[in-house]
Amino acid sequence: MDEEYDVIVLGTGLTECVLSGLLSVEGKKVLHMDRNDYYGGDSASLNLTQLYRKFRPDLSPPAELGRDRDYAVDLIPKFIIASGELTKILVHTDVTRYLEFKQIAGSFVYRDGKISKVPSNEVEALKSPLMGLFEKRRAKKFFEFLQGWKDEDPATHQGLDLDKDTMQTVYNKFGLEPGTQDFIGHAMALYLTDDYKTKPARPTYERIVLYTSSMARYGKSPYIYPLYGLGELPQSFARLSAIYGGTYMLDKAIDEIVTDADGKFIGVRSGNETVKAKQVVGDPSYFGAGKQTDGKVRVVEEGKVVRAICILKHPIPGTEDSDSAQVIIPQNQVGRKNDIYIACVSSTHNVCAKEVYIAIVSTIVETDKPELEINPGLQLLGTIHDKFVSISSLYTPTAPGTDDNIFITRSYDATSHFETVVEDVHDVWQRVVGKDLVLKKREDIEAQA
Amino acid sequence: MSKQFQFKLVLLGESAVGKSSLVLRFVKDQFDDYRESTIGAAFLTQTVTLEDGTSVKFEIWDTAGQERYKSLAPMYYRNANCAVVVYDITQSASLEKARSWIRELQRQADPSIIIALCGNKSDLAARRQVSEEEARKYAEEEGLMWGETSAKSGEGVTEIFTEIAKKLPKNAPAAGRGGPGRTGAGARSGVDLNKQANAQGEQNEQCNC
Ligand SMILES: Cc1cc2nc3c(=O)[nH]c(=O)nc-3n(C[C@H](O)[C@H](O)[C@H](O)COP(=O)(O)OP(=O)(O)OC[C@H]3O[C@@H](n4cnc5c(N)ncnc54)[C@H](O)[C@@H]3O)c2cc1C
Ligand SMILES: Nc1nc2c(ncn2[C@@H]2O[C@H](COP(=O)(O)OP(=O)(O)OP(=O)(O)O)[C@@H](O)[C@H]2O)c(=O)[nH]1
Ligand SMILES: [Mg+2]
């Protein structure tokens, strides 16, 4: 361990692994460490033994759940948006060769006490109980407006300005009912709160376009999911990093972030060895997780998320027996500020034994009784065979790292997809490397070499 | 049309025993005396045609050094149909390492995985520390295939891969047994991200390094 590295990366969560992979491809000498003996950090997928070790250290998994190795239970519930930024990174780095993806079978939304499918094509839209006949016509006009929008052609603007007018103004222009607004803002634009309505319409416009283009890509839902669980994603980027010379050490205690008199990063101490590097990138758990370390608060808590991993022996009722689904409970529907999400996958995705379904119910914590807050979600699941509840803090770094060469990533938020993870990757990259991340296709990189 | 099968083959063994060199010899019939520890290329395919006309395509995974500090990802050996565990005949410690990989495979891998123990660097027989008898006896006891190779001269390399190809079960449909083919677009049962992204569609099937 007396070598010196360009970058030490701490934690093998998806954000860190994508960064590690991209940094190695860029030619940096990377040492990647994790305190756990498995890949994935907070974005790991665990087998039953690991799941029990984490949540119920005194018990061993019941035999009736089946073979340990058949399980890969995600710790964070997220899906990949088919046309989103993570897909771009997967394709550009060519790590798709290590992975296999399946569609998520359907996206559903809760309305007036029951769940309905988010229409995935015009035929479904016409049949959908989510809107009345007249509202369907108004919604059609609204979607045609979005589809037809061209920045350079004022004739397509219908008097609206996406950069100045709020989303509420746009809804009002088309006379959309509040229920429809809920549906569009939460089930399509995937906003967790209603704050977007009072802001300029463009980001919402972009999110709806992303949703519809993702939906169009494979047909059933806008989401795809890797076989064997989300934990495959960090592993595949770690392999990319290793192929480009990255060194991997799991199961390594990280005892100290060593800095000089000016607080600048020197190295990482594990036991009585210190490895030196120019820069360090890591997840918040390696930097105090909200507490002071070495006299500094490096990350602060921004909020909390409650997540309940539920083991079911049946598909979620009302989802047409889908092998996988997302169910969104818009905040308005249950008198909350933040939406409740349910993400469900099953043996179709090689994440659990046959006839088992894993549903994760999650939301941003608003009260001091977080477990009660997810009840509207739990109630939709039918009989819950077993349940593992966790409350995680969302940490964000207090400093950009450009002064002390300590670059800290953000916790995995409550959104249902990876778009904010990719934003964080771009953001950290910009600070670490000093320029914007430009994705190159791997063939091109090698053609240059 | 004769039958085509695809199998995932993983390489295991201590650093510098010649894992990557073996693959390079097998796939490109090349050798490099000053080969650096594996960087850059770690995913190759090669097809072996058997006497009966059956062709067996190997999707070959090299460790990329992640085994060095016991940090190999489960993804690496997921769905592996066969494993080549390599030692260096001039380093008896490398056989010990090979034994521990084999124990790990026997514990964790699918019971039907085919394991070949491979004594590499047979061109350096003058410096031999591991006798043929010792290795063969161990392999027989454990029910493994065994052979000596020289990635440098090429001796025994095609033979060991061909022997594996013969032994692999060929009772499943073309894409290989159970395990998803993760190379060519055609082998996938799920969605193919590349297909939609590049207009050209067709993926380079030969050498993906
Ligand atoms: C050397 C080694 C080290 C490992 N170390 C770890 C580790 O550190 N941590 C860890 O979590 N895992 C480890 N594993 C386990 C590895 O991750 C498992 O092999 C993997 O999780 C199982 O893959 P799977 O669930 O995709 O297999 P499956 O999909 O269940 O099976 C793989 C193949 O076997 C076939 N198959 C499945 N079940 C049967 C059956 N009952 N009879 C016949 N064929 C069957 C399938 O058709 C498929 O082709 C290790 C494996 C190996 C080989
Ligand atoms: N004489 C001789 N040298 C060999 C042979 N095979 C490999 N080597 C040399 O051994 C060294 C290591 O070979 P690699 O193929 O890089 O070994 P590896 O097992 O892939 O090593 P890692 O990637 O570090 O795990 C190189 O210098 C090769 O040239 C062989 O059959 N004979
Ligand atoms: Mg190698």
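The structure displayed is predicted, hence computed values, not measured ones.

K.L.:
Give me the site of ligand 1: which residues, what numbers.
P.N.:
The immediate surroundings of ligand 1 are formed by 17 residues, with Tyr228(A), Tyr77(B), Glu104(B), Gln108(B) and Asp110(B) found nearest. Between ligand 1 and Arg67(A) there is a distance of 3.2 Å, counted from an oxygen atom to a side-chain nitrogen or oxygen. With respect to ligand 1, the side chain of Glu104(B) contributes an N or O atom lying 3.3 Å from a nitrogen atom. Across the complex, the protein chains shield 70% of the 950 Å² of accessible surface that ligand 1 would expose by itself.

K.L.:
Which residues make up the pattern of salt bridges, and what are the values?
P.N.:
Taken as a whole, this structure holds 41 salt bridges over all chains when the rule is applied. Through salt bridges with shared partners, a single network forms among Arg128(B), Glu132(B), Arg136(B) and Glu148(B).

K.L.:
Can you tell me about the sheet that holds strand β19 (residues 357–364) of chain A, naming the residues and giving the values?
P.N.:
Residues and elements named next belong to chain A. Taken in spatial order, the seven strands line up as β8-β7-β17-β18-β19-β16-β20 in an open sheet, and their pairing is mixed. Every interior strand has two partners, whereas the edge strands, β8 (114–117) and β20 (386–397), have only one. Taken over all neighbouring pairs, the strand axes of this sheet differ in orientation by 25° on average, direction set aside. In this fold helix α2 (residues 48–55) packs onto β16 (299–312) and β20, with an angle of close to 70° to the strand it touches most, β20.

K.L.:
Describe the pairing of strand β13 (residues 273–282) of chain A, naming the residues involved and giving the relevant values.
P.N.:
Residues and elements named next belong to chain A. Of the strand pairs in this sheet, strand β1 (residues 4–10) and β13 are connected by six bridges, and their pairing is parallel. Within β13, the residue paired with Ile-8 across the bridge is Val-280. Here strand β12 (residues 265–270) runs beside β13; their pairing, made up of four bridges, is antiparallel. Bridging from a neighbouring strand, Val-268 pairs with Val-275 of β13. The antiparallel pairing of β12 with β13 creates a hairpin that spans two residues between the two strands, and Gly-271 there sits at a positive phi of about 65°. Bridging between β13 and strand β21 (residues 406–408) involves three bridges; their strand directions are parallel. Its bridge partner being in β21, Gly-282 is matched across the sheet by Ile-408.

K.L.:
Outline the packing of helix α1 (residues 14–25) of chain A against helix α9 (residues 232–243) of chain A, listing residues and values.
P.N.:
Residue and element names in this part refer to chain A. Viewed as axis vectors pointing N to C, α1 and α9 meet at an angle of 20°, and their least axial separation amounts to 8 Å. Compared by their axis directions, α1 and α9 come out roughly parallel. Classified by chirality, the crossing of α9 by α1 is left-handed. When α1 is examined against α9, the residues Leu-14, Cys-17, Val-18, Ser-20, Gly-21, Ser-24 and Val-25 are found in contact with a partner set consisting of Leu-233, Pro-234, Phe-237, Ala-238, Leu-240 and Ser-241.

Cut-offs applied
Residues numbered from 1 in each chain as written. Chains lettered and ligands numbered in written order. Predicted model: local features only at pLDDT ≥ 70, side-chain atom pairs only at ≥ 80, totals over all residues. Heavy atoms only, no water. Near = heavy atom within 4 Å. Polar contact = N/O pair within 3.5 Å; in protein donor to acceptor, adjacent residues only side chain to side chain. Areas by Shrake-Rupley, 256 points an atom, 1.4 Å probe, with all protein chains shown as cover. Salt bridge = Lys/Arg side-chain N within 4 Å of Asp/Glu carboxyl O. Pairing = 2+ DSSP bridges. Helix = DSSP H or I, 4+ residues; strand = E, 2+ residues; numbered from the N terminus. Axes fitted to C-alpha atoms, helices over the stretch in contact; angles between N-to-C directions. Contact = heavy atoms within 4.5 Å. Parallel < 35°, antiparallel > 145°, perpendicular 65-115°, else oblique. Left-handed = near helix turned anticlockwise from the far one by under 90°.

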